[in-house]
Amino acid sequence: MSCGTEGIGKAIAIELARRKATVYITGRNVDKTAIAVNEIIVCSGNGKVYGRCLDLSSFNSIRRFATAFKSDLKKLDILIENAAYLGPMKKSVEGYEMTFTVNHLGHFLLFSELLPIINVCSKSRVVVVASDAHIIGARNLNLEDLAWLRSPRKKYYSPYLAYGRSKVANILFTTGVNSRFGKDGISAFAVHPGATNTNLFRSWSDSRVKRLLLRCVASLFFRSPEQGAQTIIYCATEEDMNVSSSAELFVDCKATIPHLPMNYREVTERLWELSEQLVVNMDV
């Protein structure tokens, strides 16, 4: 699971470990990841919890992680893509917009690199943490400039729009996985965990006052990480999950119809092609 060191990811890891799963979490910081692993082991009583370093904003980091991971494990039953970024305009190592890189391209590449050990399972699952923010992104999805390479930078950039675009991409990605690999026993699910009190919003604004205000609102009205984790755990573990041929977004453990363009199947195919080009650093 990507980003299992805090928030929803950590809550998921604890619950899966309690269910006797062997759990691997990732984090960018070695020490923080090690501390999280120990806490998950203590909370779950399961010693089969491990941590690995992974930076989803760096394609080299993803490939190094995947190479090492595949050398140690022969199969991967469940991949949970949980990491996310929401904040000011920043560039990734490859020069792409940070939100789209971490939230979609990084996870797209991670799945692609781990596919050989996902594909060996008779039944495997990919669970991607999306959001109802996809509604904003669906109205403004620009396939001609997915990574904000050509758009004017600061003047027209919106963290919320960038986040919304990435969440549309998450849903379309799961649709693409099901259409391509469903016949091989791989099922993919997009999940909206609900407004959850996590550190996702810690850098959403340059204003300290706004960040403090949101933190107060989140502590009073948002879900706890444990509550936000429930639908993700459900999609990862529930037996006899039916995969629809249409796009779906799971909310409160139920399949819903996401707000996507009418031609979302064509958009899904085009997004997959563009993502493949972007992760090998081709200019699109």
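Residues numbered from 1 in each chain as written. Predicted model: local features only at pLDDT ≥ 70, side-chain atom pairs only at ≥ 80, totals over all residues. Heavy atoms only, no water.

Draft legend 1. Molecular detail of the packing of aromatic side chains. Under the defined criterion, the tally for this structure stands at 11 aromatic pairs. Here F108 and F173 contribute two aromatic rings whose centre-to-centre distance is 6.0 Å and whose plane-to-plane angle is 65 degrees, an arrangement assigned as edge-to-face. Taken as a pair, F108 in helix 4 (residues 98-118) and F173 in helix 7 (residues 159-181) lie far apart in primary sequence, 65 residues in all. Residue F108 is classed as buried on the basis of its relative accessible area of 3%. Assessed through its relative accessible area of 3%, F173 is described here as buried. When the centroid spacing of 4.9 Å and the interplanar angle of 75 degrees are considered together, the rings of F108 and W272 count as edge-to-face. With F108 in helix 4 and W272 in helix 11 (residues 264-279), the pair connects residues that are 164 residues apart, well separated along the chain. Neither residue differs from the other here; F108 and W272 are each classed as buried. Three or more aromatic residues link up through ring pairs in this structure, and these residues are F108, F111, F173, F181 and W272. (Phe/Tyr/Trp six-rings, centres within 6.5 Å; stacked < 30°, edge-to-face > 60°. Helix = DSSP H or I, 4+ residues; strand = E, 2+ residues; numbered from the N terminus. Buried < 20%, exposed > 50% of the residue type's maximum accessible area, 1.4 Å probe, protein only.)

Draft legend 2. A look at the sheet that holds strand 3 (residues 78-81). Reading across the sheet, the 5 strands line up as 3-4-5-6-7 and stay open at both edges, with mixed pairing between neighbours. The sheet is open, and its two edges are formed by strand 3 and strand 7 (254-256), each paired on a single side. Averaged over all pairs of adjacent strands, the angle between strand axes in this sheet comes to 30 degrees, irrespective of strand direction. As judged from the 3 bridges shared by strand 6 (residues 249-251) and strand 7, these two strands associate in the antiparallel manner. Bridging across to strand 7, V251 finds its partner in K254. Of the strands in this sheet, strand 3, strand 4 (124-129), strand 5 (186-192) and strand 6 touch helix 7, which is tilted by about 160 degrees from strand 5. (Pairing = 2+ DSSP bridges. Axes fitted to C-alpha atoms, helices over the stretch in contact; angles between N-to-C directions. Contact = heavy atoms within 4.5 Å.)

Draft legend 3. Geometry of unusual backbone geometry. The backbone of D252 shows a phi angle near 50 degrees, a positive value even though the residue is not glycine. Along the chain, D252 turns up in the loop between strand 6 and strand 7. The exposure class assigned to D252 is partly exposed, which follows from its relative accessible area of 43%. You will see that C253, though not glycine, has its phi angle at about 65 degrees, which is positive. Checked against the element boundaries, C253 lands in the loop between strand 6 and strand 7. A residue is classified by how much of its surface remains accessible, and C253, at 28% relative accessible area, is partly exposed.

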